[in-house]
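Geometric and topological summary
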Amino acid sequence: MDPDSAPPVDFDLLEQQKENIYPTQAGRKASALVSFFSTPSTDPADREASFKAQRADFEARIAEAARFDAERRKSTPDPSLPTYDPLELHHRYVRWFQDAYPSGHDDLLKVVEKAIRSVKHLETYKKDPRYLRLWILVAKHQEDPTAVFKYLSVNGIGQTISTYYTEYATLLEALNKYREAEEIYKLGIERRAEPLDKLKYKYNAFQRRMMLPKNSPAPDPPPSTAQPERTVQPLTTLSRPTASSRSRADPARTTTAPAPSALRTEPHHHNTASNRPLPPKIEVYRDTENAAPELGKQLLPTEADTNVWNEFEILNRSKENKMGVVPLKGAVVDIGPSTKKLAVKIEVYRDPVAETAAKENVC
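The paragraphs below set out a description of the structure included in this document. Since the structure is predicted, the reported quantities are computational estimates derived from the model, not experimental observations. (Residues numbered from 1 in each chain as written. Predicted model: local features only at pLDDT ≥ 70, side-chain atom pairs only at ≥ 80, totals over all residues. Heavy atoms only, no water.)

**As for the overall build of the protein chain**
Assigned secondary structure in the protein chain consists of 13 helices and zero strands. Its helices and strands in sequence order give the protein chain the pattern α-α-α-α-α-α-α-α-α-α-α-α-α, from N to C terminus. Across the 363 residues in the protein chain, those meeting the buried criterion constitute 27%. Sequence separation of 24 or more characterises 65% of the internal contacts of the protein chain that already satisfy a separation of 6 or more. Put simply, the protein chain shows about 28700 Å² of open surface, and 56% of that area lies on carbon and sulfur atoms. (Helix = DSSP H or I, 4+ residues; strand = E, 2+ residues; numbered from the N terminus. Buried < 20%, exposed > 50% of the residue type's maximum accessible area, 1.4 Å probe, protein only. Contact = heavy atoms within 4.5 Å. Areas by Shrake-Rupley, 256 points an atom, 1.4 Å probe, with all protein chains shown as cover.)

As structure tokens, then:
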């Protein structure tokens, strides 16, 4: 379409609906958003029925493509035939789902999970940026997003793509883990993740942000104005005062110090404890075998550093024998037959003499 013939975009409408638009990594088309929000007269039920029909069409095309590829591989295992890309339709389906539901939808993770499972067994997709973007979308819907990036590191998914390191570092920076974020940038540059220029640009921008006052280290405390503490000479080093020290202490005294040759040269034997050799220091035991791993291995563990991590629970499915959340409106709670015996009521004491006298007075 010619850009000059395209209808203008009403950004005032988008400004009013910005709270109802869920942000995505690749952004959204302004024309699609205007088309979605500019028809409020459309019945929501009719719109939902139209979306369900389009979803059914996507799912039917995905199933047909998978069936055709399976039959082709069985009948003609010819490597010269064009390779089927099972992720292409799934990726288009996810993009359409995000555009169709700007405010988000509960079934989005189900669609993403189905797309991931369709190519999970294929090693070639571990270096595909589309496959990595699906996992990043999963991370943004998890309670602990860092667990997703560690899972990708253990299974070698997206380790040669710079987007993995930039998204991981951005997440750690948002969590105020600046040292860990810088380590991720350095590891990505060291591994020559592509595109490398983009990764270096992001790292330089991160360094500039760290130089801002809010991220600078805390300044040194101001010097104290208190008087310095007086140092006391240890008792073991005290000796008898000399003539010079006495003269300094008392200027009236004019006694001069004797000549050096007149001084006693014999060693003092009154402090023999200071001449004894000190015992050797006790060495602290360090468990090097079970020591904590390095920071890089903590953030980006490999299969050799941890146990096998084949599955990641994308959806929080209900556990077995655990009752799920249901609406209470109109629900009837069955408490079952009551087997508890009711306690006997306490009888109120009545004075028969007082009652008889009251009756006689009335009569």
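**Quick notes on the packing of aromatic side chains**
Going through the model one piece at a time under the given rule, you end up with 13 aromatic pairs. When the ring of Trp135 is compared with that of Tyr151, the centres are 5.1 Å apart and the planes differ by 45°; the resulting orientation is tilted. Of this pair, Trp135 sits in helix α6 (residues 129-139) while Tyr151 sits in helix α7 (residues 145-154), and the two are 16 residues apart along the sequence. With respect to class, Trp135 is no different from Tyr151; both count as buried. Through a chain of ring-to-ring contacts, the aromatic side chains of Phe51, Phe58, Tyr93, Trp96 and Phe97 assemble into a single cluster. (Phe/Tyr/Trp six-rings, centres within 6.5 Å; stacked < 30°, edge-to-face > 60°.)

**Remarks on the pattern of salt bridges**
Under the defined criterion, the tally for this structure stands at eleven salt bridges. Measuring nitrogen to oxygen at the nearest pair gives 3.5 Å for the salt bridge that ties Arg55 to Asp107. Separated by 52 residues along the polypeptide, Arg55 in helix α3 (residues 44-75) and Asp107 in the loop between α4 (86-100) and α5 (108-118) bring together distant segments of the chain. Grouping residues by exposure puts Arg55 and Asp107 together as buried. Arg67 is paired through a salt bridge with Glu64; the nearest N and O atoms lie 2.3 Å apart. Taken together, the residues span about one helical turn, with Arg67 and Glu64 both in helix α3 at a distance of three residues. Here Arg67 falls in the partly exposed class, since its relative accessible area comes to 39%. Several salt bridges converge on common partners, so that one network encompasses Asp85, Glu88, Asp128 and Arg130. (Salt bridge = Lys/Arg side-chain N within 4 Å of Asp/Glu carboxyl O.)

**Here we look at the side chain of Glu173**
Note that Glu173 resides in helix α8 (residues 162-174). Excluding residues within four positions of it along the chain, Glu173 makes contact with Tyr178, Ala181, Phe206, Arg209 and Met210.

**With respect to a positive patch on the surface**
A surface patch of like charges, here positive, comprises Arg95, Arg133, Lys198 and Lys202. Along the chain, Arg133 turns up in helix α6. With relative accessibility at 35%, the residue Arg133 sits in the partly exposed group. (Patch = residues over 30% accessible without salt bridge, like charges linked within 9 Å, V, L, I, M, F, W, Y side chains within 5 Å. Lys, Arg positive; Asp, Glu negative; His and termini not counted. Charge placed at Lys NZ, Arg CZ, Asp CG, Glu CD.)

**Topic: α8**
Here α8 contains 13 residues, and its C-alpha end-to-end distance of 18 Å stays within 8% of the 18 Å for a straight helix at 1.5 Å per residue. Judged by how many residues are buried, α8 sits mostly within the fold: ten of 13 residues are covered. Looking only at α8, the buried set comprises Ser162, Thr163, Tyr164, Tyr165, Thr166, Tyr168, Ala169, Leu171, Leu172 and Glu173. (Expected span 1.5 Å × (residues − 1).)

**Some points on unusual backbone geometry**
Following Glu194, the chain continues into Pro195 via a peptide bond in cis, with omega recorded as -5°. Mapped onto the elements, Pro195 comes out in the loop between α9 (178-190) and α10 (196-210). The phi dihedral of Arg192 is positive, around 60°, even though this residue is not glycine. With relative accessibility at 53%, the residue Arg192 sits in the exposed group.

**Quick notes on the packing of α4 against α5**
The N-to-C vectors of α4 and α5 enclose an angle of 170°; their axes lie 9 Å apart at closest approach. The angle between α4 and α5 places the two elements in the roughly antiparallel class. For the pair α4 and α5, the sense of crossing is left-handed. Contacts from Leu87, His90, Tyr93, Val94, Phe97 and Gln98 in α4 reach Leu108, Val111, Val112, Lys114, Ala115 and Ser118 in α5. (Axes fitted to C-alpha atoms, helices over the stretch in contact; angles between N-to-C directions. Parallel < 35°, antiparallel > 145°, perpendicular 65-115°, else oblique. Left-handed = near helix turned anticlockwise from the far one by under 90°.)

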